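The chain contents come next:
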Amino acid sequence: MTTTTIAGRQVDVNDEGFLVEPGQWTEDLAAELATLIGLELTDAHWKLIRFLRDDYVTQGETATLRRVSTRTGTPVKELFALFPGKPAKKMAYVSGLPKPKGCV
Amino acid sequence: MTATDTAPMIVPSFDSPRSEGRKLAIICSKGNLDMAYPGLILANAALGEDVETHMFFTFWGFDIITKATMADLKFSFVGNTAMHPPGHSGMGVHHMLGALPGATTMATKMMKKQIADLDVPDVPEFLELLSGSGAHLWACRMSADMNHLTEDDLYEGVEGIISASDFIELTEGAQLLFI
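One structure accompanies this document, and this report is about it. Starting afresh in each chain, residues are numbered from 1 along the sequence in its written order. Lettering for chains starts from A, numbering for ligands starts from 1, and both go in the order in which the items are written. It should be noted that, the model being predicted, local features are given only for residues of pLDDT at least 70 and side-chain atom pairs only at 80 or more, the latter also being counted only at that level, while totals for whole chains, interfaces and linings use all residues. To get the side-chain values, take all heavy atoms of the structure and skip hydrogens and water.

A short note on the nonpolar core
No. 1: Residues belong to one nonpolar core when they are buried, are Ala, Val, Leu, Ile, Met, Phe, Trp, Tyr or Cys, and are joined through side-chain atoms within 4.5 Å. Classification of residues uses two cut-offs on accessible area relative to the type maximum, computed with a 1.4 Å probe and protein chains only: under 20% is buried, over 50% is exposed, and between them is partly exposed. Among the nonpolar cores identified, the biggest contains 74 residues, and V94 of chain A together with M55 and V123 of chain B are the most heavily contacted of them.
No. 2: Only runs of H or I of at least four residues qualify as helices and only runs of E of at least two qualify as strands under DSSP, and these elements are numbered from the N terminus. Ranked by the residues each element gives to this core, the list is headed by helix α1 (residues 33–48) of chain B, at seven residues.
No. 3: Those residues in contact with V94 of chain A, other than ones at most four positions away along the chain, are W25, A30, L33, A34, I37, L39, L41, I49 and F83 of chain A.
No. 4: Among the nonpolar cores identified, the runner-up in size contains seven residues, and I27, W138, I162 and F167 of chain B belong to it. Residues count as neighbours in contact if any of their non-hydrogen atoms are within 4.5 Å of one another.

Following this line, the structure appears as structure tokens:
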């Protein structure tokens, strides 16, 4: 674990750069994390990020891509468009959550 | 961008050049429920990692993408000496019990429930998930001809019915899984 400064705030991250403490996350930080991986957040992104945050609180683990898709009614294709390449990991990163553990 | 009075910032390498150009080919040759899922799950995992993924459905694996059969794949434990009830109580189930009438229906029902309990979709919905994630689904020409099936009989996301040579050609340089 490393302590680093993002958006003027000290946060703990793992060796890949994911936040270790979901509690250190704020919406300002999300915008900065998104910028770091080349994303500009729109309302569509925010809707998903907020879902991920809420879902993590109730489930205790990060939602998989399919879960995000079915629970928010967002087609998988759109998730790939919003978070290109590796949507599940990118969503988790921006939301300050660990990478999803589930297989599907 | 940001002050770095602490450790330098670590940004995940989501688009690292290493994953660029990586390709996976999965040949699905079996039509049992328990043999369909490994291919579907691995394809989904690869797509989530931004790996170009091609699946080739051949022989019994053709049932996975055939509209008439895809929702009704079955699990039989005949011949599976590793068969045991869910969990590991140490109790085994003799595989030939699977030959009794109704055993396949029951075993299939149980496996489908276990899969659904994990929030993993059934086969038709799984194909949709893969299509939406950008998977390339290919049907085997010989299997289509043997079964007298055309593209109309197949799941809509299937890109085409192609020969084995076509598949080998378009997966040049890919890592390959035969299931």
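And the narrative resumes.
A short note on the interface of chain B and chain A
It is common to give the size of an interface as the accessible area that goes away when the parts come together.
No. 1: The partner chain A presents 32 residues to the 29 residues of chain B that form the contact.
No. 2: Accessible area, probed at 1.4 Å, shrinks when two parts are joined; the buried area is that loss added up over both. Between chain B and chain A lies a buried interface of about 2600 Å² when both sides are counted; carbon and sulfur atoms form 60% of it.
No. 3: Looking at the side of chain B facing chain A, the largest losses of area belong to I10, F14 and D119 of chain B, adding up to 25% of the total buried there.
No. 4: For this document, the term salt bridge refers to a Lys or Arg side-chain nitrogen within 4 Å of an Asp or Glu carboxyl oxygen. Across the chain B-chain A interface, the total number found is five salt bridges.
No. 5: Among the ionic pairs, E49 of chain B bridges to K89 of chain A, the shortest N-O distance being 2.9 Å.
No. 6: Each polar contact in these results corresponds to two N or O atoms within 3.5 Å; when the atoms are within protein, one needs to be able to donate a hydrogen and the other to accept it, and residues that are neighboring in sequence are counted only if both atoms are side-chain atoms. Applying the counting rule to chain B against chain A returns four residue pairs in polar contact (both at pLDDT 80 or more).

Concerning the packing of α1 of chain B against helix α3 (residues 123–132) of chain B
Residue and element names in this part refer to chain B.
No. 1: For the pair α1 and α3, interaxial distance at closest approach is 10 Å and the crossing angle is 20 degrees. It follows from the interaxial angle that α1 and α3 lie roughly parallel. As for how α1 packs across α3, the hand of that crossing is left-handed. Judged by residue contacts, L33, Y37, L40, I41, A43, N44 and L47 of α1 engage V123, F126, L127, L129 and L130 from α3.
No. 2: Residue polarity is assigned by list, with Asp, Glu, Lys and Arg as charged and Ala, Val, Leu, Ile, Met, Phe, Trp, Tyr, Cys and Pro as nonpolar; anything else, Gly included, falls into the polar class. Classifying every residue of the contact of α1 with α3 by side-chain character gives eleven nonpolar, one polar and no charged. To get an axis, fit a line to the C-alpha atoms, keeping to the stretch in contact for a helix; angles then go from 0 to 180 degrees between the N-to-C directions. In what follows, roughly perpendicular refers to angles from 65 to 115 degrees, roughly parallel to angles under 35, roughly antiparallel to angles over 145, and oblique to any angle outside these ranges. Left-handed describes a crossing whose near helix is turned anticlockwise from the far helix through less than a right angle; right-handed describes the clockwise counterpart.

Description of the pattern of salt bridges
No. 1: Taken as a whole and assessed by the stated rule, the structure comprises twelve salt bridges over all chains.
No. 2: The residue E125 of chain B makes a salt bridge to R66 of chain A at a minimum N-O spacing of 2.4 Å. Here E125 of chain B, found in helix α3, pairs with R66 of chain A, found in helix α3 (residues 65–72), and the two come from separate chains.
No. 3: What makes E125 of chain B partly exposed here is its relative accessible area of 34%.
No. 4: Assessed through its relative accessible area of 10%, R66 of chain A is described here as buried.
No. 5: Its salt-bridge partner being D145 of chain B, residue R141 of chain B comes within 3.2 Å of it at the nearest N-O pair. Residue R141 of chain B and its partner D145 of chain B are located together in helix α4 (residues 141–147), separated by four residues, close to a single helical turn.
No. 6: Residues participating in the shared-partner salt-bridge network are R66 and R71 of chain A together with D119 and E125 of chain B.

Some details on the sheet that holds strand β2 (residues 52–57) of chain B
All names here are of chain B.
No. 1: By this definition, two strands are paired if DSSP reports at least two bridges between them. A sheet is described by the order of its strands in space; here five strands give the open sequence β4-β3-β2-β1-β5, paired in parallel fashion. Looking at which strands have only one partner, the edges of the open sheet turn out to be β4 (158–162) and β5 (175–178). Direction aside, the axes of adjacent strands within the sheet are offset by 20 degrees on average.
No. 2: Here strand β1 (residues 23–28) pairs with β2 via six bridges, running parallel. The residue of β2 that forms the bridge with A25 is H54.
No. 3: With respect to the sheet, α1 is in contact with β1, β2 and β5, its orientation differing from that of β2 by roughly 160 degrees.

Structural notes on a nonpolar patch on the surface
Residue and element names in this part refer to chain B.
No. 1: Within the patch definition used here, like charges are joined within 9 Å and nonpolar side chains (Val, Leu, Ile, Met, Phe, Trp, Tyr) within 5 Å, considering only residues with over 30% relative accessible area and no salt bridge. Here the Shrake-Rupley method, with its probe set to 1.4 Å, supplies the accessible areas, and only the displayed protein chains count as covering residues. On the surface, F59, W60, M142 and M146 cluster together into a nonpolar patch covering about 480 Å² of accessible area.
No. 2: Looking at the element boundaries, M146 is found in helix α4.
No. 3: For M146, a relative accessible area of 47% gives the class partly exposed.

Quick notes on the side chain of T58 of chain B
Residue and element names in this part refer to chain B.
No. 1: Note that T58 resides in the loop between β2 and α2 (103–117).
No. 2: At 3.5 Å, the side chain of T58 and the side chain of S143 are in polar contact.
No. 3: Beyond its immediate sequence surroundings of up to four residues, T58 is in contact with I27, C28, S29, C140 and S143.

Bear in mind that shape data such as this cannot, by itself, settle questions of function.
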